[in-house]
Amino acid sequence: MKKWMLIPAMAGVVAIGGVALADDSVPSVSKQADKMISLQDAKQIATDRVKGGVVTEIELDKDDGWYHFDVDLKDEKYEYDLEVDAFTGEITKFEKEVEKNSKQAGSGKVMTKEEAIALVKKKVVGTVKEIELDTDDGRKEYDIEMKDDHFKYEIEIDAETGEFLKFEKERYRSAKLAQPQNKVKAQTEKVAASTLQVVEPTKEKQAVKQADKKTLLTKEQAISIAKQHASGVVTDFELDDNVYEIEMEDGDIEYDLEIHAYTGAILSFERDDD
C-alpha cells in the first residue's frame with residue numbers, strides 16, 4: 001500500500017499499550033535515527049520559513065538513499081511544497097505557487113523579457129537558462145529557469161502584474177546525496193531514536209509480528225491520540241492492517257490521520273481546509 005511504513009511519533013504522542021519497535025527489526029535505519037530531526041522539528045522549520053502558513057500534510061520520504069520530510073503548507077493566497085533534510089534540517093526544496101483560482105487583474109501591457117529577468121534577479125542571484133512567454137487560463141506568464149552553484153530554480157511570473165505565481169528552489173541531487181549523517185545542527189541533536197522509526201517493506205512483517213505481542217489500542221485510545229493533533233468530531237473510523245484510519249471534521253476543516261494500532265505512533269497526518 002505504501003513504499004514505506006512511516007512511524008514518526010509527533011510531539012506529545014504517548015504510546016498506550018505499546019512500545020517502540022526493537023532496533024534489530026530495522027538495522028539499517030535505526031542506527032541513523034538518533035541523528036534525524038523529528039517530524040515536529042521539520043514542521044517547525046517549515047512554518048518558520050512560511051510565516052502564517054498552515055501545514056496540510058507532512059511525511060518522511062526516501063529518495064535515492066536520501067531521507068527528507070515533504071511538507072505541504074498553504075496560506076490565504078499561496079500553496080507551498082518544501083523538502084527538509086531529515087538530518088540537517090536544511091530546506092533543500094522550496095516551491096511557492098499561487099492558488100489556481102486566484103487571478104489578479106493586470107494592466108494589459110506585457111513586460112519585456114528583460115524586465116521580467118530584472119524582476120526575478122531581485123529575488124535570485126543566478127544565471128537564466130531559459131525564459132518563455134506562455135498563456136495559462138487566459139493569463140500571460142513568463143516561465144523562467146535559473147541556476148546558481150547550489151540550486152536550480154523554476155519560476156513563473158504574471159507577465160502583466162509581475163506577481164510571482166510559482167517559485168521553486170531545489171538543491172542539485174548530487175549535493176543532496178552528500179548528506180552529512182554525523183553532523184546535525186545543534187538544535188536537532190536532542191532528538192532521540194524513539195521519536196522516529198522507519199520500517200522498510202522487507203522488514204514490515206517482522207515489525208508487525210513483534211507488535212502483535214503487545215496490546216492492541218482500543219478505539220477510544222486511538223481517538224484520544226488523534227484528538228491531540230486534530231479538533232472536531234470523528235466522522236469515520238476503521239482498522240486496516242494494524243493501522244487505525246480516522247477522519248475528523250471541525251467546521252470546514254477536515255483531518256485524515258493514520259495511527260499505528262499497537263504503538264500509537266502517528267503514521268500520517270493531513271489537514272484540508274475547504
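Residues numbered from 1 in each chain as written. Predicted model: local features only at pLDDT ≥ 70, side-chain atom pairs only at ≥ 80, totals over all residues. Heavy atoms only, no water.

## A closer look at the confidence of the model for the protein
Phase 1 of the analysis: The share of residues in the protein with pLDDT of 70 or more is 69%, and the mean pLDDT across the chain is 75.
Phase 2 of the analysis: In the model, residues 180-205 has pLDDT below 50 throughout and makes 60 contacts with residues more than four positions away in sequence or in other chains. (pLDDT = per-residue confidence, 0-100. Contact = heavy atoms within 4.5 Å.)

## Looking at the environment of Glu114
Phase 1 of the analysis: If you trace the backbone, Glu114 turns up in helix H3 (residues 113-120).
Phase 2 of the analysis: Linking Glu114 and Ile131, residues 17 residues apart in sequence, is a C-alpha distance of 10.0 Å. (Helix = DSSP H or I, 4+ residues; strand = E, 2+ residues; numbered from the N terminus.)

## Observations regarding the side chain of Glu168
Phase 1 of the analysis: Relative to the helices and strands, Glu168 is located in strand E9 (residues 164-171).
Phase 2 of the analysis: We classify Glu168 as buried; its relative accessible area is 10%.
Phase 3 of the analysis: The contact partners of Glu168, leaving out residues within four places of it in the chain, are Lys93, Phe94, Glu95, Lys152, Tyr153 and Glu154. (Buried < 20%, exposed > 50% of the residue type's maximum accessible area, 1.4 Å probe, protein only.)

## What to know about the nonpolar core
Phase 1 of the analysis: Ranked by internal contacts, the top residues of the largest apolar core, which has 37 residues, are Phe69, Val71, Ile144, Ile155 and Ile157.
Phase 2 of the analysis: One finds Met248, Ile253, Ile266 and Phe269 within the second-largest nonpolar core, a separate group that totals 16 residues. (Core = buried A, V, L, I, M, F, W, Y, C linked by side-chain atoms within 4.5 Å.)

## Things to note about the side chain of Asp85
Phase 1 of the analysis: Considering the arrangement of structural elements, one finds Asp85 in strand E4 (residues 78-85).
Phase 2 of the analysis: Here Asp85 is buried and forms no salt bridge, its nearest opposite-charge partner Arg171 lying at an N-O distance of 7.1 Å.
Phase 3 of the analysis: Engagement of the side chain of Asp85 in a polar contact is seen with the backbone nitrogen of Thr88, the distance being 3.1 Å. (Lys, Arg positive; Asp, Glu negative; His and termini not counted. Salt bridge = Lys/Arg side-chain N within 4 Å of Asp/Glu carboxyl O. Polar contact = N/O pair within 3.5 Å; in protein donor to acceptor, adjacent residues only side chain to side chain.)

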